[in-house]
Amino acid sequence: MNKMIEIMKDHSSHRKFDVNYELPEQDLQLIIECAKQASTYINGQFYSIIIVKDKEKRAQMVNSNPLNSHILNSSVFLLFIMDLNRSNKIFQHHHTSHDFSDNIDHLFLGSVDTALSCANAINAVESLGLGCVVVGGVRYHVDEIIDLFKLPTLTYPLFGLSIGKPIDTPVIKPRLSNDTMIFTDEYKDYSYDLISDYDLILSKNQLSESWSDSIKNYFNNDSLKEITRKGLDKQKLL
Ligand SMILES: Cc1cc2nc3c(=O)[nH]c(=O)nc-3n(C[C@H](O)[C@H](O)[C@H](O)COP(=O)(O)O)c2cc1C
């Protein structure tokens, strides 16, 4: 197995970091270079990344999001932002305008590009022998993030990435079976038993009390729905 495959197969999120470790600037730049080289729709690069070194800003984020204390305890925190502001500049430059709120496809465009870039960053981090965790929790206090990082309209903070030298040893979380999610030539329905089997695997390994309940709880919780709708409206994206 080559090193790249090994790294991706062994992925697990790390949430506890050596607070004394400083990520060398050279390594940070390598992570950024990898993130930037991800595939991107029409080479549009519909995202920006803020390298958050400022401990006060990170402490403020943890204050609003105490479950994600690694935002402060990691070596560096990258904030991934969907960015259509740059596209708007092109319209402005040509003295025209475009209503970005008119097309929900823009949201796919921006979020897919941002996510692919983050996935590259994760692989780069792990290949350097470091660890990280994606932090979607920033979306729960989007107003504060917009203010804290002076995000202009047509941008939206999608997630962060806490990066550092891990001091935890999480187990690799098994994924759903191929029969549940990998199909050949056409979508194929499957028995609910496969989902029950997965619930059992995760609970047996103490990785989740009930995976299916956690999915249900997410969709039944309306709070993020409202925050996101208001946030997209504020940022003129909806
Ligand atoms: C979009 C996204 C948002 C996430 N948000 C958080 C978060 O706010 N806090 C956290 O601890 N983990 C977060 N995670 C990490 C997931 O919980 C983790 O990737 C998942 O449980 C699978 O575990 P693994 O990465 O160890 O394989 C997020 C992951 C993604 C992709």
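As recorded by an unreviewed UniProt entry, the protein chain carries the name Nitroreductase domain-containing protein and is attributed to Enterococcus quebecensis. According to the UniProt record, the Sequence similarities (unreviewed entry) comment for the protein chain reads "Belongs to the flavin oxidoreductase frp family."

So, the state of the cysteines
The tally for this structure, following the rule as stated, stands at zero disulfides. No disulfide involves Cys34; its sulfur sits 12 Å from that of Cys132, the nearest cysteine. For the unlinked cysteine Cys118, the closest cysteine sulfur is that of Cys132, found at 7.3 Å.

Focus: the packing of aromatic side chains
Here the structure, examined in full by the defined rule, presents six aromatic pairs. Measuring from centroid to centroid gives 5.6 Å for Phe80 and Phe159, while their planes differ by 40°, and the two rings are tilted. Of the two residues, Phe80 is situated in strand S2 (residues 76–83) and Phe159 in strand S4 (residues 155–164); the sequence distance between them amounts to 79 residues. Residue classification places Phe80 among the buried residues on the basis of a relative accessible area of 0%. Where Phe183 meets Tyr187, the ring centres are 4.5 Å apart and the plane angle is 50°; that geometry is what we call tilted. Residue class for Phe183 comes out partly exposed when judged on its relative accessible area of 25%. Members of the aromatic cluster, each reached through a chain of ring pairs, are Phe183, Tyr187 and Tyr190.

Focus on the sheet that holds S4
Strand pairing in a sheet relies on backbone hydrogen bonds. The paired strands run either parallel or antiparallel. The antiparallel open sheet is built from four strands, whose spatial order is S1-S2-S4-S3. This sheet does not close on itself; its edge strands, each paired only once, are strand S1 (47–52) and strand S3 (131–135). Here the average twist between neighbouring strands, direction ignored, is 20°. By the bridge criterion, six bridges tie S1 to S2 in an arrangement that is antiparallel. From the neighbouring strand, Ile49 faces S2, where its bridge partner is Phe80. Most of the contacts of helix H2 (residues 25–36) go to S1, to which it runs at about 165°, and overall it touches S1, S2 and S4.

Some points on the site of the ligand
The ligand sits among 13 residues. The nearest are His11, Ser13, Arg15, Gly136 and Lys173. Here a nitrogen atom of the ligand sits 3.2 Å away from a polar atom, N or O, in the main chain of Val134. The contact in question runs from an oxygen atom of the ligand to an N or O atom on the side chain of Arg175, over 2.9 Å. With three residues, the top contributor of residues to the shell around the ligand is S3.

Definitions and limits used
- Residues numbered from 1 in each chain as written.
- Predicted model: local features only at pLDDT ≥ 70, side-chain atom pairs only at ≥ 80, totals over all residues.
- Heavy atoms only, no water.
- UniProt positions renumbered as here; feature names shortened; annotations may be inferred.
- Disulfide = S-S within 2.5 Å.
- Phe/Tyr/Trp six-rings, centres within 6.5 Å; stacked < 30°, edge-to-face > 60°.
- Helix = DSSP H or I, 4+ residues; strand = E, 2+ residues; numbered from the N terminus.
- Buried < 20%, exposed > 50% of the residue type's maximum accessible area, 1.4 Å probe, protein only.
- Pairing = 2+ DSSP bridges.
- Axes fitted to C-alpha atoms, helices over the stretch in contact; angles between N-to-C directions.
- Contact = heavy atoms within 4.5 Å.
- Near = heavy atom within 4 Å.
- Polar contact = N/O pair within 3.5 Å; in protein donor to acceptor, adjacent residues only side chain to side chain.

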